[in-house]
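Structure assessment
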Amino acid sequence: MRTLAYLMPGLAIIALAFWAYSENYETQKSLRHVRDLQRQIASEHETLAILKAEWAYLNRPERLRELAFMNFDALELLPLAPEHFAGASEIPYPPPRIGPLSTPIPLMSEAGR
């Protein structure tokens, strides 16, 4: 009986040591994976910054104006001017919708009867 009392805690300690050992390696593996993902995210941020800079360079107004002028015959693009835009008073808004009548309205000729 005494042997079993000494053997059970010993086996429990060995099992817990094995569990802690495997958890340690699993944690290190997860940390390496996180570092790899952070490197990949940093690389993607750098790529995104480069693409934004290229987009800003390609959309310079003077470049677009020159391209529109060079391709006027094919595209017939005109430069924007303030008179190309309408004022708020010139916008045709749709008329408000009137829902169905719930009760009929009596006419003047029917009201006197």
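Residues numbered from 1 in each chain as written. Predicted model: local features only at pLDDT ≥ 70, side-chain atom pairs only at ≥ 80, totals over all residues. Heavy atoms only, no water.

As for the overall build of the protein
Secondary structure assignment for the protein yields four helices and zero strands. Over its C-alpha trace the protein gives a radius of gyration of 39 Å, far above what one expects of a compact globule, namely 13 Å for 113 residues. Counting only C-alpha atoms and orienting by the principal axes, one finds that the protein spans roughly 110 × 75 × 20 Å. As presented, the protein carries roughly 11,400 Å² of accessible surface, and 66% of it is formed by carbon and sulfur atoms. (Helix = DSSP H or I, 4+ residues; strand = E, 2+ residues; numbered from the N terminus. Rg over C-alpha atoms; globule rule 2.2 N^0.38 Å. Areas by Shrake-Rupley, 256 points an atom, 1.4 Å probe, with all protein chains shown as cover.)

Details of the pattern of salt bridges
The tally for this structure, following the rule as stated, stands at two salt bridges. Between D36 and R39 there is a salt bridge, with its nearest N and O atoms 2.8 Å apart. Placement of the pair is D36 and R39 together in helix α1 (residues 2-58), with a separation of three residues, close to one helical turn. In this structure D36 comes out as partly exposed when scored by relative accessible area, which is 42%. Given the relative accessible area of 53%, R39 is considered exposed. (Salt bridge = Lys/Arg side-chain N within 4 Å of Asp/Glu carboxyl O. Buried < 20%, exposed > 50% of the residue type's maximum accessible area, 1.4 Å probe, protein only.)

Observations regarding the confidence of the model for the protein
Here the protein averages 88 in pLDDT, and 95% of its residues register 70 or above. The least confident element of the protein is helix α4 (residues 108-111), whose mean pLDDT is 64; the most confident is α1, at 96. (pLDDT = per-residue confidence, 0-100.)

A look at a nonpolar patch on the surface
A contiguous nonpolar patch, built from M1, L4, L7, M8, L11 and I14 and spanning about 690 Å² of accessible area, is present on the exposed surface. Mapped onto the fold, L11 is located in helix α1. Looking at L11, the relative accessible area reads 45%, which means it is partly exposed. (Patch = residues over 30% accessible without salt bridge, like charges linked within 9 Å, V, L, I, M, F, W, Y side chains within 5 Å.)

A closer look at the packing of aromatic side chains
What the rule picks out here adds up to one aromatic pair. Pairing Y21 with Y25 gives two aromatic rings, centres 4.9 Å apart and planes at 65 degrees, and the pair type is edge-to-face. Highlighted residues: Y21 and Y25, both in helix α1, separated by four residues, approximately one helical turn. Seen from the ring of Y57, R60 lies directly overhead, with NZ or CZ sitting 4.2 Å from the centre. (Phe/Tyr/Trp six-rings, centres within 6.5 Å; stacked < 30°, edge-to-face > 60°. Lys NZ or Arg CZ within 6 Å of the ring centre and 35° of its normal.)

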